[in-house]
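Take a look at the letters that make up each chain.
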Amino acid sequence: TLMDDRVIAAGDYPPIEVVFIDGRRLERHVQFAKGAPQNPLSDKELADKVAALIDPVLGASRRSEIVATIARLDELDDVRILTRLLTSSDAGKVA
């Protein structure tokens, strides 16, 4: 059953509440969601997330190029080097 959201202040994270068929309720509140500045991802978690999001679209090889390019972003003469890597060669094609 969906219920109306609770009113929370801007920037707050809402608690999650699960109501079971037998009427039991469990509620959990996490002060800062994983990935928030106050609760950052570890390097491994970030690398895993990047791989999970990029690999299905652009492939692992392209992801490696993107990560390496971002690591030297301040040395790039032209940011289009990065934007080309971020664009799928299949963009706009209809399957």
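Heads up: these notes are all about the structure in this document. Quick caveat: nothing in here was measured; it's all calculated off a predicted structure.

Examining the overall build of the protein chain
Helix and strand content of the protein chain: 3 helices and 2 strands. Relative to its full complement of 95 residues, the protein chain shows a buried share of 12%. The long-range share in the protein chain, meaning contacts at least 24 apart out of those at least 6 apart in sequence, stands at 10%. Of the accessible surface of the protein chain, which amounts to about 8,200 Å², a share of 56% is contributed by carbon and sulfur atoms.

Points about the pairing of strand β2 (residues 25-28)
Across 4 bridges, strand β1 (residues 16-19) lies against β2 in antiparallel orientation. Its bridge partner being in β2, Val18 is matched across the sheet by Leu26. Between β1 and the antiparallel strand that follows it, β2, lie 5 residues; Gly23 among them carries a positive phi value of about 95°.

Looking at a nonpolar patch on the surface
A contiguous nonpolar patch, built from Ile16, Val18, Phe20 and Leu26 and spanning about 350 Å² of accessible area, is present on the exposed surface. Locating Val18 in the fold gives a position in strand β1. What makes Val18 partly exposed here is its relative accessible area of 38%.

Overview of the packing of aromatic side chains
To describe a pair of aromatic rings, one takes the distance between the centres and the angle between the planes. Evaluation of the coordinates by the stated rule reveals 0 aromatic pairs. Positioned above the aromatic ring of Phe20 is the side chain of Arg24, whose terminal nitrogen or guanidinium carbon lies 4.4 Å from the ring centre.

What about helix α2 (residues 60-71)?
Across its 12 residues, α2 extends 16 Å between first and last C-alpha, which sits within 8% of the 16 Å expected from 1.5 Å per residue. Where α2 is buried, its residues meet α1 (43-58) and α3 (80-85).

What to know about the packing of α1 against α2
At a minimum axis separation of 7 Å, α1 and α2 run at an interaxial angle of 125°. Regarding the angle of α1 to α2, the classification is oblique. Between α1 and α2 lies a crossing whose hand is right-handed. Side by side, α1 and α2 meet where Val50, Ala51, Ile54, Asp55 and Leu58 of the first sit next to Ala60, Arg62, Arg63, Ile66 and Val67 of the second. Counted by class, the contact of α1 with α2 contains 7 nonpolar, no polar and 3 charged residues.

Things to note about α1
For α1, which comprises 16 residues, the first-to-last C-alpha distance of 21 Å matches the rise-based estimate of 22 Å (1.5 Å per residue) to within 8%. The sharpest bend along α1 reaches about 25° and sits at Ala52, with the proline Pro56 one to four residues further on. Taken as a whole, α1 has its buried residues at Ala51, Ile54 and Leu58. Buried residues in α1 make contact with α2 and α3. Two residues or fewer after α1 comes Gly59, characterised by a positive phi angle close to 95°.

Definitions and limits used
- For every chain, the first residue of the written sequence is number 1, and numbering continues from 1 along that sequence.
- This being a predicted model, a pLDDT of at least 70 is required before a residue's local features are given, and a value of 80 or more before pairs of side-chain atoms are given or counted; all residues contribute to the totals for chains, interfaces and linings.
- Processing note: side-chain calculations cover all non-hydrogen atoms of the structure and skip hydrogens and water entirely.
- To qualify as a helix, a DSSP run of H or I must reach at least 4 residues; to qualify as a strand, a run of E must reach at least 2; elements of each kind are numbered from the N terminus.
- Only protein chains enter the accessibility calculation, which uses a 1.4 Å probe; a residue whose area is less than 20% of its type maximum is buried, one above 50% is exposed, and one in between is partly exposed.
- Throughout, a residue-residue contact means that at least one pair of heavy atoms, one from each residue, lies within 4.5 Å.
- The protein chains shown are the only cover counted for residues, whose accessible areas, like all others here, come from Shrake-Rupley with a 1.4 Å probe.
- Pairs of strands are assigned from DSSP output, requiring at least two bridges between the strands.
- The patches reported here contain residues having more than 30% relative accessible area and no salt bridge. Joining distances are 9 Å for like charges and 5 Å for nonpolar side chains (Val, Leu, Ile, Met, Phe, Trp, Tyr).
- A side-chain nitrogen of Lys or Arg and a carboxyl oxygen of Asp or Glu constitute a salt bridge if their distance falls within 4 Å.
- In this analysis, rings of Phe, Tyr and Trp, with Trp reduced to its six-membered ring, are considered paired at centre separations within 6.5 Å, and the interplanar angle assigns stacked below 30 degrees, edge-to-face beyond 60, and tilted for intermediate values.
- Whether a charge lies above a ring is judged from NZ of Lys or CZ of Arg, which has to be within 6 Å of the ring centre and within 35 degrees of the ring normal.
- Multiplying 1.5 Å by the residue count of a helix minus one yields the expected span of that helix.
- Angles shown run from 0 to 180 degrees and are taken between the N-to-C directions of axes, each axis being a line fitted to C-alpha atoms and, for helices, limited to the stretch in contact.
- Oblique is the label for any angle not under 35 degrees, not over 145, and not in the 65 to 115 range, which are roughly parallel, roughly antiparallel and roughly perpendicular in turn.
- Should the near helix be turned anticlockwise from the far one by less than a right angle, the crossing is left-handed, and should it be turned clockwise, the crossing is right-handed.
- The classification used treats Ala, Val, Leu, Ile, Met, Phe, Trp, Tyr, Cys and Pro as nonpolar, Asp, Glu, Lys and Arg as charged, and all other residues, Gly among them, as polar.
- Here the bend at each residue means the angle between axes fitted to two seven-residue stretches, the one ending at that residue and the one beginning there.

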